[in-house]
Amino acid sequence: MDNVAAYFASLQGATAGTAMSEFLPNLKKTNITNANFPADYKTKYTMYAVVNYPERPQVRHLYANDVALKAAREGKPIPNGAFLVLEVYTPKLDDKKVPVKGADGNLVPDTLAFITTMAREAGWGKDIPEILRNDDWNYAAFNADLSVRAAANQAECLACHKPLPADSYLFTLKELKEAALKKK
Ligand code: HEC
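1. Examining helix H4 (residues 66–73)
1) Next: Among all positions of H4, only Ala 68, Leu 69, Ala 71 and Ala 72 are buried.
2) Next: Two residues or fewer after H4 comes Gly 75, characterised by a positive phi angle close to 70°.

2. Some points on the environment of Tyr 48
1) Next: Relative to the helices and strands, Tyr 48 resides in strand S1 (residues 46–53).
2) Next: Residues Tyr 48 and Tyr 63 lie 15 residues apart in sequence; the distance between their C-alpha atoms is 5.8 Å.
3) Next: Only 2.8 Å separates the side chain of Tyr 48 from the side chain of Thr 172, close enough to count as a polar contact.

3. Some remarks on the packing of H4 against helix H6 (residues 173–183)
1) Next: Put simply, H4 and H6 touch, their axes get as near as 8 Å, and they point 90° apart. Taken together, the axes of H4 and H6 lie roughly perpendicular to each other. Residue-level contacts link Asp 66, Ala 68, Leu 69, Ala 72 and Arg 73 of H4 to Leu 173, Leu 176, Lys 177, Ala 180, Leu 181 and Lys 183 of H6.
2) Next: Each residue belonging to the contact of H4 with H6 can be placed in one class, and the counts come to seven nonpolar, no polar and four charged.

4. Overview of the pattern of salt bridges
1) Next: In total, this model carries eight salt bridges according to the counting rule given.
2) Next: One salt bridge in this structure joins Lys 76 and Glu 74, with 3.1 Å as the shortest N-O distance.
3) Next: The partner of Asp 135 in a salt bridge is Arg 120, with the nearest N and O atoms 3.7 Å apart. Here Asp 135 is found in the loop between strand S4 (109–120) and strand S5 (137–143), whereas its partner Arg 120 is found in strand S4, with 15 residues between them in sequence.
4) Next: Where salt bridges share partners, they join Lys 70, Glu 74 and Lys 76 into one cluster.

5. Looking at the coordination of the iron atom of the ligand
1) Next: For the iron atom of the ligand, the sole protein-derived donor is His 161 (NE2), lying 2.2 Å away.
2) Next: Of note, His 161 is situated in helix H5 (residues 154–161).

6. So, the pairing of S5
1) Next: The buried fraction of S5 is high, at six of seven residues.
2) Next: Sheet topology note: the S4/S5 ladder contains seven bridges and is antiparallel. Paired with Met 118 across the bridge in S5 is Tyr 139.

Thresholds, definitions, all that
- Residues numbered from 1 in each chain as written.
- Predicted model: local features only at pLDDT ≥ 70, side-chain atom pairs only at ≥ 80, totals over all residues.
- Heavy atoms only, no water.
- Buried < 20%, exposed > 50% of the residue type's maximum accessible area, 1.4 Å probe, protein only.
- Helix = DSSP H or I, 4+ residues; strand = E, 2+ residues; numbered from the N terminus.
- Polar contact = N/O pair within 3.5 Å; in protein donor to acceptor, adjacent residues only side chain to side chain.
- Axes fitted to C-alpha atoms, helices over the stretch in contact; angles between N-to-C directions.
- Parallel < 35°, antiparallel > 145°, perpendicular 65-115°, else oblique.
- Contact = heavy atoms within 4.5 Å.
- Nonpolar A, V, L, I, M, F, W, Y, C, P; charged D, E, K, R; others polar.
- Salt bridge = Lys/Arg side-chain N within 4 Å of Asp/Glu carboxyl O.
- Donors = N, O, S within 2.8 Å, 3.2 Å for Na, K, Ca; no water.
- Pairing = 2+ DSSP bridges.

What follows is the structure, given as structure tokens:
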């Protein structure tokens, strides 16, 4: 993260006025769009993890396609063709505004707030500067109605996931592998 900050800082001096430095458009550009977002992920993908954030409050449901699941099961790097979907819900609250837990200990989802995705195909990383590149992974965020979430900045996604090359840039590779082995 320090390197990324230093890189951005160095660019400001290097560009005239308010001109955008060259690579920013490349960073915004993601190959994940409404056109290839898997509308049927709830039935076609496997929900492999639930992550609770009671203090926010949020509960997140994580889905992976079969390509990602198979590689995780075999302990291989997650290859091109992988697609992951992370749903962010606001949870049900009780009358004291405390998030409600279900029988499984997880927060009970109420409203879908937004969705984040990561996916990879050959060449998707080539226009992203090395300092932020996550191999061929691209990132995108969508609103609950699947319109593109304008506030999301792919540079932030790339920067935060960047330190995890050994885990195929996934924070939840362990959970994915466990779920994949169970499903076998
Ligand atoms: C501040 C760090 C941070 C940023 C920024 C970030 N993520 Fe993540 N991401 C995480 C963490 C931590 C997880 C693990 C699950 C969780 O806690 O929700 C995760 C999980 C994911 C997953 C599920 C697969 C995995 O890696 O475990 C997807 C998909 C994802 N993020 C997409 C995105 C997208 C798209 C963006 C940008 C809009 C983004 N992330 C920005 C930290 C970050």
